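Coordinate analysis (summary)
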Amino acid sequence: MSIEPPVTTEALAAPTYARLVRVPGFRALAGSALLSRTANRMWEVGLVLFVLERYHSAPLAGLAVFLSIVPGLLLAPLAGALLDRHGRRRLIFLDNAIAGSALASIGLLAITGGLSRAALLAIVGVASLTFTLTAAGTRSLFPLVIPRSDWDLANAVDSGSEALSAVIGPALAGGLVAAIGGAHTLLASGFVYLLAGVAVLNVREPRAAADQPRVPLLRAAREGLRYVVTNPTLRSVAVVLSMANLGFGQLVVILPVLVLERLHSGAGTVGALWALSGGVAVCSGLLMGRLGTVGRERRSMALGFVLLTAGFLVLMLPSLAAVILGLILCGLAIGPIDIALFSLRQRRTDPAMFGRAFAVSMSLNYAGMPFGSGLAGPVVSRSTVLALAEAAGLNLVAAGLALGIIPRPEASAD
């Protein structure tokens, strides 16, 4: 039974961003998402810079990023079942509180001299266990709070939020690491997580249909996993996105090493470059939201992966100008990929399964990121060019898979 927002007279009018921001709960949800994702970016960039600053080890930085993600991915089916059963607001708040506490622990231990490598890895691993609650909870709330007619615009804002966090988060992380050091930067990131948790409490979540059968939690988790695996669209998208993210995940480690060692610049430059790419991604996403991707999802995703491939190839050139151009191309790729992905997932998923299906789907899609980061550590220690060539090749394969294995949208001539 559908639990989408009711269709109103206003929902039948042409969708606009001005109308979207008037939807009850939208601003609080978008604000919480932006804060949480900004904290994620601060943690992601700050963690790598912190490890390089403190331990001077690219392999350790890659392993830390890996452990900050993978344990949570493994628990995604259970997280999705919890979201569908107990509601999203409280669980999103809980996850942000746990993430904030973990960063505070790392920062305080580092400042007091009690942070060993083992303790660092243990804390980031434990903190990752709940991160899918926010990732899937936030994304599955958008189609529940927003009328279906506004989904493409809401997806553009959702994608723009992700991209804008890529502007704010890395810039803050890079600037703070340069100014006050990595440990204090992690403390600041933890505070942003707490703000995100408070903001989501202002969202009024629609109630699930009362006639939905209540099943044991583990059974519900298995149903969510089975639903994604047997859904042709979700299954094929998982293959495509995990392949692409296996390449993009390497850039998280490659860029700081490239800037620090090849360009002989500092943490502030790393943050500024990420911010540039994120700013371009915001514009790309908003444009794609206005244009729409319905019926063109496969081609839009393939275009994005080709742009990522080109960006990685340009990054091989030994100059700051080439790095800037490469990251601009990477930013342009985000809009076509994200809007097409979100549209496909929302339109091909039963609303009663949003929590479970989104948690599992997003985790499978994202699985390549931590493995890419873990792989990049040893490779980039030998050659940044080799690591970038590997990343470019993986994204080119993803472009071909997007056209080859993702089912054609219903009633589409694609």
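Right above here is the structure, for reference.
My aim in this report is to walk through the structure given alongside it, one point at a time.

Cut-offs used in this document
- Residues numbered from 1 in each chain as written.
- Predicted model: local features only at pLDDT ≥ 70, side-chain atom pairs only at ≥ 80, totals over all residues.
- Heavy atoms only, no water.
- Phe/Tyr/Trp six-rings, centres within 6.5 Å; stacked < 30°, edge-to-face > 60°.
- Helix = DSSP H or I, 4+ residues; strand = E, 2+ residues; numbered from the N terminus.
- Buried < 20%, exposed > 50% of the residue type's maximum accessible area, 1.4 Å probe, protein only.
- Core = buried A, V, L, I, M, F, W, Y, C linked by side-chain atoms within 4.5 Å.
- Contact = heavy atoms within 4.5 Å.
- Axes fitted to C-alpha atoms, helices over the stretch in contact; angles between N-to-C directions.
- Parallel < 35°, antiparallel > 145°, perpendicular 65-115°, else oblique.
- Nonpolar A, V, L, I, M, F, W, Y, C, P; charged D, E, K, R; others polar.

1. Comments concerning the packing of aromatic side chains
In this structure the tally under the stated criterion is three aromatic pairs. With a centroid separation of 6.3 Å and 70° between ring planes, the pair formed by F26 and F142 is classed as edge-to-face. One end of the pair, F26, is in helix 2 (residues 26-55); the other, F142, is in helix 8 (residues 131-145), and 116 residues separate them in sequence. Classification of F142 as buried rests on a relative accessible area of 3%. On the numbers, 6.1 Å between centres and 90° between planes, the contact of W43 with Y193 is edge-to-face. Of the two residues, W43 sits in helix 2 while Y193 sits in helix 10 (residues 182-200), which places them 150 residues apart along the sequence.

2. A word on the nonpolar core
Core analysis: the biggest nonpolar cluster contains 79 residues, and W43, F50, L120, L251, F305 and F312 have the highest contact counts within it. Once you skip the residues sitting within four places of it in the chain, F312 turns out to touch G247, F248, L251, C330, L388, A391, A392 and N395. With 31 residues, the next largest nonpolar core counts F26, A30, L144 and M353 among its residues.

3. Concerning the packing of helix 2 against helix 7 (residues 117-127)
Across the interface, helix 2 lies against helix 7 with an axial gap of 13 Å and an inter-helix angle of 170°. Between helix 2 and helix 7, the angle is such that the two are roughly antiparallel. Facing W43, L47, F50, V51 and Y55 of helix 2, the residues of helix 7 in contact are R117, L120, V124 and A127. Here the contact of helix 2 with helix 7 is built from residues that sort into eight nonpolar, no polar and one charged.

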